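Residues per chain are reported as follows:
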Amino acid sequence: MNKKIVDKILITLLFIFLYRLLAYIPVPGVDLLEIKRFLDQNANNALGLFNMFSGNAVERFSIISLGVMPYITASIIMELLAATFPALGKLKKERDGIQKYTQIIKYATIVITLIQAVSVSFGLRGLSGNGAVIIDMTHFVFISAFSMLAGTMLLLWIGEQITQKGVGNGVSLIIFAGIVSAIPSSIAKTFELVNAGELNILKLAVIVVLILATVFVILYMELSERRIPVSYARKVMMQNQNKRVVNYIPIKVNLSGVIPSIFASALLVFPSTVLQSSSNPYLLKIADWINPSGYLYNVLMFVFIIFFAYFYASIVFNSKDIAENLKKQGGFIPGLRPGEGTVGYLNQVASNLTLWGALYLAVISTLPWILLKGMGVPFYFGGTAVLIVVQVAIDTMRKIEAQVYMSKYKMLSATGL
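Throughout what follows, the structure given in this document is the object of discussion. Nothing here was measured: the structure is a model prediction, and the numbers come from that model.

Right, let's get into the overall build of the chain. Of regular secondary structure, the chain possesses 17 helices and 4 strands. Across the chain, contacts joining residues at least 24 apart in sequence account for 75% of those joining residues at least 6 apart. A total of about 21,800 Å² of accessible surface is found on the chain, and carbon and sulfur atoms cover 66% of it.

As structure tokens, this is what we get:
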């Protein structure tokens, strides 16, 4: 393997190691044993979901307890605004404007992080007795808010470094690393439940089969694509007779990738976190309704994933650009006129595939929980975590393979072969 690619992999691992070190730096002024005890008893609420995505950073009340979720929430808001307001959408597409667009997302991330940090800080006060806060509450809110803000911004910087100097997918790899790092402790807790008699061997076997089946379905769907045949004019084929000419357009079944699942999770966790800090019984009731172990949460998850799948697919798949590039290269889809005819056909195919892709994402994210809930399994397991892990792993492998092929191509070009 090329030394440059090895260096990128090593840089990525170094920054992921730094991310894991930050997970062990707690916010001052809290009783960590009380927090861990509370999370063990309430693993199904929003804090439990935060804990899973952050790699158990919440139970240590680390400075990165909020992870990159505030950034994702800010990105959702900006994407929706860009689709609503043409001026903002135009800013996003311009080469100079994308920097301003990214800067706005970072400012919004700061605001959302502070709101969530303050909400979590007040929520700790009511855990039990005097709560988990062991210093003056006013001082604690100030310290925890700015500690978590520093932690979240550090994670964004780490994500940028992985994207620019590593293998790419910085933010997604941070979420991936957080989920994967929590797997050993989850396995240990599962065996503790088996030893305590709270989970029998049959249910454990069903859980293992369900996880393996989920991984298989995700792999199958992520590698599935519709290949639209393309023909080229004879002149173009003669000019490229010594080169490989792709004679089809590949369109993935899941055009939007892992983004809908991440967006939906972030959008549901944000209000739940804020509401749980309230002392109003009605707001607390709403927070209970939208906790990850509730039916309403999973119904909303199903709906939001379908919405974001269509929304994001419309952004990443531009049929007009594909049709124009095809025309410039002298290619055409048999039986269709170049131009608007090709655009309409590509839109129809993409729309049909997105329907199946959206349903696949929504079912995978909610069905495992529904099945295990019906079996009475005493812990939360959703397909979202498995979905994110498998999709990010596949995407990262593809990026590394692309860089390997590009490196070989450059070497062959340099030697004149």
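Alternating residues of strand S3 (residues 248-252) divide into Ile249 and Ile251, all buried, and Tyr248, Pro250 and Lys252, none buried. Here 5 bridges tie strand S1 (residues 225-229) to S3, and the two strands are oriented antiparallel to one another. From the neighbouring strand, glutamate 225 faces S3, where its bridge partner is lysine 252.

Before going further, it helps to examine the pattern of salt bridges. Inspection of the entire model under this criterion finds 4 salt bridges. Of the charged contacts, one joins lysine 3 and aspartate 7 as a salt bridge, the two residues approaching to 3.1 Å between their closest N and O atoms. Taken together, the residues lysine 3 and aspartate 7, both in helix H1 (residues 3-22) and 4 residues apart, mark about one turn of the helix. Taking the relative accessible area as the measure of exposure, aspartate 7 reaches 29% and is therefore partly exposed. With a closest N to O distance of 3.8 Å, lysine 252 and glutamate 222 form a salt bridge. Of this pair, lysine 252 sits in strand S3 while glutamate 222 is found in helix H10 (residues 201-222), placing the two residues 30 residues apart along the sequence. Given the relative accessible area of 4%, glutamate 222 is considered buried.

Taken as a whole and assessed by the stated rule, the structure comprises 5 cavities of 30 Å³ or more. In terms of lining residues, the largest cavity is bounded by Tyr19, Phe50, Phe53, Ser54, Ser65, Leu66, Gly67, Val68, Met69, Leu155, Ile174 and Ile175. Going through the elements one at a time, helix H3 (46-53) and helix H8 (170-181) are the ones with two or more residues in the lining of the largest cavity. The residue makeup of the lining of the largest cavity, split by class, is 9 nonpolar, 3 polar and no charged.

By size, the foremost hydrophobic cluster in this structure holds 55 residues, and its most contacted members are Phe61, Ile64, Ile72, Phe140, Ile158, Ile175 and Ile388. The element that contributes the greatest number of residues to this core is helix H7 (residues 137-165), accounting for 9 residues. Aside from chain neighbours lying at most four places away, what touches phenylalanine 61 is Ile25, Pro26, Val27, Val30, Leu32, Ile35, Val120, Leu124, Phe140, Ser144 and Met148.

A few words on the packing of H7 against H8. The interhelical angle for the contact between H7 and H8, taken along N-to-C directions, is 115 degrees, at an axis separation of 7 Å. Seen from above, H7 lies across H8 with right-handed handedness. Between H7 and H8, the residues in contact are Leu155, Ile158, Gly159, Ile162 and Thr163 and Gly170, Val171, Leu173 and Ile174, respectively. Tallied by class, residues from the contact of H7 with H8 come to 6 nonpolar, 3 polar and no charged.

Running from N to C, helix H4 (residues 69-84) and helix H6 (residues 97-124) point in directions that differ by 130 degrees, and their axes come no closer than 8 Å. With respect to their mutual orientation, H4 and H6 come out oblique. Crossing geometry of H4 relative to H6 is assigned as right-handed. Counted together, Pro70, Tyr71, Thr73, Ala74, Ser75, Ile77, Met78, Glu79 and Ala82 of H4 and Tyr101, Ile104, Ile105, Ala108, Thr109, Ile112, Thr113 and Gln116 of H6 form the full contact between these two elements. Along the lines of polarity and charge, the residues of the contact of H4 with H6 split into 11 nonpolar, 5 polar and 1 charged.

Because an α-helix completes one turn every 3.6 residues, residues spaced three or four positions apart along the sequence face the same direction. Residues Leu88, Gly89 and Leu91 constitute the buried set of helix H5 (residues 86-93). Along the long axis of H5, the arc covered by the buried residues comes to 155 degrees, so they all point the same way. Among the exposed residues of H5, those pointing more than 90 degrees away from its buried face are Pro86, Ala87, Lys90 and Lys93.

A word on the side chain of threonine 152. Relative to the helices and strands, threonine 152 resides in helix H7. Those residues in contact with threonine 152 that lie beyond four places of it in its chain are Ile63, Leu66, Gly67, Pro70, Thr109 and Thr113.

With that settled, the discussion passes to the packing of aromatic side chains. Tallied over the full model, the rule gives 7 aromatic pairs. The positively charged end of arginine 20 is found above the aromatic ring belonging to tyrosine 19, 5.4 Å away from the centroid. Stacked on the ring of tyrosine 24, the Lys or Arg arginine 60 has its end atom at 4.0 Å from the ring centre.

A positive phi is found at phenylalanine 61, a non-glycine position, where the angle reads about 45 degrees. Inspection of the secondary structure puts phenylalanine 61 in the loop between H3 and H4. Within the chain, asparagine 169 stands out as a residue other than glycine whose phi angle is a positive 55 degrees. With respect to the helices and strands, the residue asparagine 169 is situated in the loop between H7 and H8.

Parameters at a glance
- Residues numbered from 1 in each chain as written.
- Predicted model: local features only at pLDDT ≥ 70, side-chain atom pairs only at ≥ 80, totals over all residues.
- Heavy atoms only, no water.
- Helix = DSSP H or I, 4+ residues; strand = E, 2+ residues; numbered from the N terminus.
- Contact = heavy atoms within 4.5 Å.
- Areas by Shrake-Rupley, 256 points an atom, 1.4 Å probe, with all protein chains shown as cover.
- Buried < 20%, exposed > 50% of the residue type's maximum accessible area, 1.4 Å probe, protein only.
- Pairing = 2+ DSSP bridges.
- Salt bridge = Lys/Arg side-chain N within 4 Å of Asp/Glu carboxyl O.
- 1 Å grid on protein atoms, 1.4 Å probe; cavity = no way out; pocket = protein on both sides within 12 Å on 5 of 7 lines; lining within 4 Å.
- Points joined across faces, edges and corners; volume = space filled by probe spheres on them.
- Nonpolar A, V, L, I, M, F, W, Y, C, P; charged D, E, K, R; others polar.
- Core = buried A, V, L, I, M, F, W, Y, C linked by side-chain atoms within 4.5 Å.
- Axes fitted to C-alpha atoms, helices over the stretch in contact; angles between N-to-C directions.
- Left-handed = near helix turned anticlockwise from the far one by under 90°.
- Parallel < 35°, antiparallel > 145°, perpendicular 65-115°, else oblique.
- Arc of directions from axis to C-beta.
- Phe/Tyr/Trp six-rings, centres within 6.5 Å; stacked < 30°, edge-to-face > 60°.
- Lys NZ or Arg CZ within 6 Å of the ring centre and 35° of its normal.

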